[in-house]
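What follows is each chain in one-letter form.
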2 protein chains.
Amino acid sequence: MAKKGSLLSFRPDIKVVDATIRDGGLVNDFHFSDEFVKKLYEANLKAGVDYMEFGYKASKDIFDESEFGPWKFCDEDAIRRIVGDNDTDMKIAVMADVGRCDYKRDIINRADSAIDLVRIATYINTMPGAINMAEYCHNLGYETTINIMAISNATGAEIDEALELIGNSPADGVYIVDSYGALYMEEIEELAEKYLNMAEKYGKFVGIHAHNNQQLAFANTIAALTNGVSYLDATINGMGRGAGNCSTEQLLGFLKNPKYDLIPLLKFMENYMEPMKAEGVTWGYNIPYLLTGQMNRHPRSAISATAQKRTDYLRFLLELDDKS
Amino acid sequence: MAKKGSLLSFRPDIKVVDATIRDGGLVNDFHFSDEFVKKLYEANLKAGVDYMEFGYKASKDIFDESEFGPWKFCDEDAIRRIVGDNDTDMKIAVMADVGRCDYKRDIINRADSAIDLVRIATYINTMPGAINMAEYCHNLGYETTINIMAISNATGAEIDEALELIGNSPADGVYIVDSYGALYMEEIEELAEKYLNMAEKYGKFVGIHAHNNQQLAFANTIAALTNGVSYLDATINGMGRGAGNCSTEQLLGFLKNPKYDLIPLLKFMENYMEPMKAEGVTWGYNIPYLLTGQMNRHPRSAISATAQKRTDYLRFLLELDDKS
């Protein structure tokens, strides 16, 4: 696979997707104030970010509205409170989980919506549902991506089959999602090659969503983009479930496209991220996340260990290994 | 350059070098208790670590003994208190800075010393002094490496000239040292190719010492080893100056050689690293380190900002840029 550009080149196909509210919302149950979201929207605009993801389109039949902030559901009026008509170059994204949303009720015509892109999150075994959702949302006028989660647990044959389904669907793009933060750069490059082969054949794009369990989220994002992946997920300060994500401040420091500007994000961090962290909202790399990443496990046990401030690392490892 | 092995292979040439006391000593002025160092020595032995670096051979004429713990100077009797005759397969290393040691006085015959390897730290402009030291230590019977620091600030021509000097010296190995945590994997791979070309010609080995300013220390170490670099520096919990280093627990999770075992290190972390961190000894990635890394600057301003708990990131950036 040919390398796409050098350290000094920039690629017009690159899109930076800020997922702070969506993946960060998994840390604080989406309890961001409107002021926080509005200031992040303004900072992203000034920073040249291409897409801002506002949260999930989760079903209120499944999830209790009283337990979550508004960005779990992303009602149109909630987004409109922040973006108005969003008369900007930055596009608005939401995520919808297969089986956890009521998309036929909750996703309206794009012409009437503040949303531009619906990102459909699926496991490999719910691909048919994801394809149905992509068709539905495409027909409403949305850009769509299919984000295959926990890809480090899928077999090569499963991935090939899923990619072929996506190739024949109206989805505009497909995402490599390293939900467990288990993958190394070499594996990301192999997946990127596989995804890009399909994407080039069918005229789609490929994105990357990395997790930082092994402190490789930024490195894996670089590995993906260097090999032709163009939609790059990032969050401010890496805020996201468990060990978090590739941080926008890392990524913008690497990208050489002069449209991107780190300074608005530095100001946002000072004024909004630091106070939130001071209140005890916690995410990011630690030893339990490293261990679940190394062992290719869901981070839930590490999230629990972190909440309990456990430092009995050996026992934690043995529990992971079912050898305690 | 051919890739050396795959994710499932292991390479017998790989050597893991624990630099916790040496690089970590820059965080706490080498004030480690003998118990801490002894338990780390025992943990490294059980973990299969190949070399343990005990600290610096600094000159007591230059540095005040009352200001530092014993590992700034690594007197023979201090090392002997920990290792006795070191009747093990793990080798003992020290670092000596060109111009900051009195090697003709303080480095004795290897036959009478607990030390196996002298790592000579130099900037590119003090290479002649480094060569003299390598010759001297080699003649005393030591293994030697020349570690060219701050390589991200050297020109290609300077590096070529330095490597040719090292090639013609008796040094056994040469290190890529990313002192500022400024380099990306692509640059590490280019340096590795350059260093390995020299090393293969002259029968030497190449090592990597990475810093974590951009959370790329582990990724850069993987990039180096995947391309043939064999001596891999790591520290427990990444303990080291500023943003710290590639952590031993990350690295051992990646290496597939069954001689390495993470478990003794997990126990050491629980019992010794966690209490030290609880006492306020601080290192590791943060936004000021990211910014000095992105801008290829010495981390001293970020160390100062961290000590002051500064979160005025924009002002910090402007100061770095001489634009405040």
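For the structure itself, consult the block above.
Presented here is an overview of the structure given in this document.

So, how was this worked out
Residues numbered from 1 in each chain as written. Chains lettered and ligands numbered in written order. Predicted model: local features only at pLDDT ≥ 70, side-chain atom pairs only at ≥ 80, totals over all residues. Heavy atoms only, no water. Salt bridge = Lys/Arg side-chain N within 4 Å of Asp/Glu carboxyl O. Helix = DSSP H or I, 4+ residues; strand = E, 2+ residues; numbered from the N terminus. Buried < 20%, exposed > 50% of the residue type's maximum accessible area, 1.4 Å probe, protein only. Pairing = 2+ DSSP bridges. Least-squares fit on C-alpha atoms with pLDDT ≥ 70 in both. Contact = heavy atoms within 4.5 Å. Buried area = accessible area lost by both parts, 1.4 Å probe. Polar contact = N/O pair within 3.5 Å; in protein donor to acceptor, adjacent residues only side chain to side chain. Nonpolar A, V, L, I, M, F, W, Y, C, P; charged D, E, K, R; others polar.

With that out of the way, let us pick up the pattern of salt bridges. Where side chains of opposite charge bring their charged atoms close, a pairing between them can arise. Applying the stated criterion across every chain, the model contains 43 salt bridges over all chains. Where A:Glu164 meets A:Lys201, a salt bridge forms, and the shortest distance between an N and an O atom there is 3.9 Å. A residue pair is termed long-range when its members are at least 10 positions apart, and A:Glu164 in helix H6 (residues 156-167) and A:Lys201 in helix H7 (residues 185-202) qualify at 37 residues. Under the relative-accessibility criterion, A:Lys201 is labelled exposed at 60%. A salt bridge links B:Asp312 to B:Arg310; the nearest nitrogen and oxygen atoms lie 2.8 Å apart.

Let us look at the pairing of strand S8 (residues 231-234) of chain B. Residue and element names in this part refer to chain B. Neither face of S8 is open: one carries Tyr231 and Asp233, the other Leu232 and Ala234, and all of them are buried. Pairing geometry for strand S7 (residues 205-209) and S8, over 2 bridges, is parallel. Bridge pairing in S8 places glycine 207 opposite tyrosine 231.

Aligned on chain A, chain B shows an RMSD of 0.0 Å; the corresponding rotation is 180° and the shift along the axis is 0.0 Å. Expressed as an axis order, the relation between the two copies is that of a two-fold axis. Both copies contact each other with a shared surface, as 100% of the interface residues of chain B are interface residues in chain A too.

Once that is clear, we can look at the interface of chain B and chain A. Taken together, the contact between chain B and chain A spans 39 residues of the former and 39 residues of the latter. When chain B packs against chain A, the two sides together hide about 3,300 Å² of surface, and 65% of this comes from carbon and sulfur. On inspection of chain B and its partner chain A, the count reaches 0 salt bridges. Linking chain B with chain A are 14 residue pairs in polar contact (both at pLDDT 80 or more), by the criterion used here. Mapped onto the side of chain B that touches chain A, the elements with two or more residues apiece are helix H7 (185-202), helix H8 (217-226), helix H9 (248-254), helix H10 (263-278), helix H11 (287-294) and helix H13 (313-320) of chain B. With 6 residues, H10(B) is the single largest residue contributor to the side of chain B that touches chain A. Each residue belonging to the side of chain B that touches chain A can be placed in one class, and the counts come to 19 nonpolar, 11 polar and 9 charged.

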